Amino acid sequence: MNAEAHAPSYYAATAKGLVDRARLAGDLTCDVCVVGGGFTGLSTALHLAERGFDTVLIEAQRIAWGASGRNGGQLNTGMRKDPDTLSSMLGDTQSRQLWDMAEEAKALVKGLIAKHNIDCDLKEGHISAAWKARELPDFQSYADSLTHKYDYPHVEFLDRDQIRQHLGSEAYYGGVLDKKAAHLHPLNYALGLARAAENAGARIFEATPALEIEDKVRPSVRTPGGKITARHVVLGCNGYLGKLEPRIAGNMMPINNFILATEPLGEARAASVIRDDVAVSDSKYVVDYYRLSADKRLLFGGGETYSPNFPGDIAGFVRRHMLRVFPQLEDAKIEYAWGGTLAITMNRLPDVGRLSGDIYYAQGFSGQGVALTSLVGKLIAEAIAGTAERFDLFANIPTKPLPGGTLLRRPGLIAAMLYYSLLDKI
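Along each chain, residues carry numbers from 1 onward, in the same order as the chain's sequence is written. Per-residue local features of the predicted model are confined to residues with pLDDT of at least 70, and side-chain atom pairs are confined, for both listing and counting, to 80 or more; whole-chain, interface and lining totals are unaffected and use all residues. Side-chain numbers here rest on the full set of heavy atoms in the structure, without hydrogens or water.

Draft legend 1. Seen up close, helix H4 (residues 92-115). Secondary structure follows DSSP: runs of H or I at least 4 residues long count as helices, runs of E at least 2 residues long count as strands, and numbering of each begins at the N terminus. Expected helix span is taken as 1.5 Å per residue step, with the number of steps being one fewer than the number of residues. Counted at 1.5 Å a residue, the expected span for H4 with its 24 residues is 34 Å, and the 34 Å between its end C-alpha atoms agrees. Count one or two residues on from H4 and you reach Asn 117, which has phi positive near 50°.

This is the structure we're talking about:
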């Protein structure tokens, strides 16, 4: 089997440190076998290798071939649910613990970038933009809660006039500026994690899909080129899990999201679109998210599909969303357009846990994965090393399978998302 090339994205065109790694050929044994070469798997492998574990990571395609190398690159604050909503779901104590760990996640990513000299265009700043006027009180409440209840002084509420000073769009009624959230080049971040993991002693194999997991006292992973026998297995497959582990497949739903990159806009025009080079996401159910690249392109994500197939014209599909926000870019050439598959859960919180046979897993980050995946990989390494308290904070988040399991979850989700997308237009 040969690994597929990376998606034809701006990220792949500007990747730093892409190398071809060997596929597994022959049986081997190790302490931990990590399945999946995205952020979760790479962070797990790095933190395990730094602790002295003999760690093998296998990836079906190439490192960060999936969502980790294709996403919007937004390093956001908190969980997918705001802290007050989490309090109502989980109670004040667990909500505060998860808030603190989400802050640690953000700091961890920034720290890994600095420690390992990862060149991935890290830049601070993010705006959450209100799509509807009636949402403004919620935005104000959110900013007040972070400032006063969670001791987070880095947010600023923006009214309609203020957000228009930041963004060259008439689409929004206000928002919240978060000065310590950030954005980055996700593929280059992942490639940097892979280099760091290998430098720490991890072995990484590409073009090596996991075909079957044997759940025994010492679990093993069967691949086309050989079998890996380990003390522990870690599944970081997310939306690409497929039928590999039926016990957790129904807990999340793979969906597709799409991004385009314009031609370079130049300093002045780029600043007229996003004045301070921050990342942006809005409050729609089907979220628009965007930012400027290092060479001043607009990277705009918008639109979802729920079947295995991508639109035939991804650029045209996303461009319609972009022009609703920035009609002045109608003449901007689209130079890249690509899609990727992520995974969402019923409650939009990560599905993290441990199965019999010393099999750990993490999936369903629901659009908040750039920060949380790196932290969860570290927590899995802690748990394997014998300290599971922090891992258990995530593992104890209540998880509900999607209605209908893997067979019927897709029709139900499509119906729900069509309903919510209609609400975006009202």
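Draft legend 2. Focus on the packing of aromatic side chains. Centres within 6.5 Å are what make two rings of Phe, Tyr or Trp a pair, Trp counting through its six-membered ring; a difference in plane orientation under 30 degrees is then read as stacked, over 60 as edge-to-face, and the rest as tilted. By the definition in use, this model includes 13 aromatic pairs. With 5.4 Å between their ring centres and 65° between their planes, Tyr 11 and Trp 338 make a pair best called edge-to-face. Within this pair, whereas Tyr 11 is found in helix H1 (residues 10-13), its partner Trp 338 is found in strand E15 (residues 334-344), the two being separated by 327 residues in sequence. Where Trp 131 meets Tyr 172, the ring centres are 6.1 Å apart and the plane angle is 65°; that geometry is what we call edge-to-face. Placement of Trp 131 in the loop between strand E4 (123-129) and helix H5 (136-148) and of Tyr 172 in the loop between helix H6 (160-166) and strand E6 (175-183) is noted, with a sequence separation of 41 residues between them. Partly exposed residues are those whose accessible area sits between 20% and 50% of the maximum for their type, while under 20% is buried and over 50% is exposed, using a 1.4 Å probe and protein chains only. The buried category is assigned to Trp 131, whose relative accessible area is 11%. Members of the aromatic cluster, joined through ring pairs, are Tyr 10, Tyr 11, Tyr 336 and Trp 338. The residue whose ring lies beneath Arg 70 is Trp 65, and the NZ or CZ to ring-centre distance is 4.6 Å. Sitting over the ring of Trp 131, Lys 284 keeps its end group 4.6 Å from the ring centre. Counting as a charge over the ring demands two things of the Lys NZ or Arg CZ atom: a distance within 6 Å of the ring centre and an angle within 35 degrees of the ring normal.

Draft legend 3. Here's a closer look at unusual backbone geometry. Positioned with a positive phi, Ala 207 is a non-glycine residue whose angle comes to about 50°. Mapping Ala 207 onto the fold places it in the loop between strand E7 (203-205) and strand E8 (212-214). Its identity as a non-glycine residue notwithstanding, Asp 277 has a phi of 60°, on the positive side. For Asp 277, the position within the fold is in the loop between helix H9 (267-273) and strand E12 (279-282).

Draft legend 4. Geometry of the nonpolar core. If you look at the biggest cluster of nonpolar residues, it comprises 66 residues, and the most contacted ones within it are Met 79, Tyr 189 and Phe 394. Ranked by residues supplied to this core, first place goes to helix H11 (residues 369-384) with 10 residues. If near-sequence neighbours (up to four positions away) are discounted, Tyr 189 is found in contact with Phe 39, Val 109, Leu 112, Ile 113, Ile 118, Cys 120, Leu 184 and Ser 374. Among buried residues, those of type Ala, Val, Leu, Ile, Met, Phe, Trp, Tyr and Cys that are joined through side-chain atoms within 4.5 Å constitute a nonpolar core. Core analysis: the next-biggest nonpolar cluster, separate from the first, contains 30 residues, Leu 158, Phe 258, Leu 298 and Met 322 among them. Pairs of residues are marked as contacts when any of their non-hydrogen atoms sit within 4.5 Å.

Draft legend 5. Fine view of helix H7 (residues 186-199). With 14 residues, H7 should cover 20 Å at 1.5 Å per step; its first-to-last C-alpha distance of 20 Å lies within 8% of that length. The buried fraction of H7 is high, at 11 of 14 residues. Where H7 is concerned, the buried positions are Pro 186, Leu 187, Asn 188, Tyr 189, Ala 190, Leu 191, Gly 192, Leu 193, Ala 194, Ala 196 and Ala 197. Contact partners of the buried residues in H7: H1, helix H2 (39-50), H4, E7, strand E13 (289-292) and H11. Where H7 terminates, the next one or two residues include Gly 201, which has phi positive at roughly 115°.

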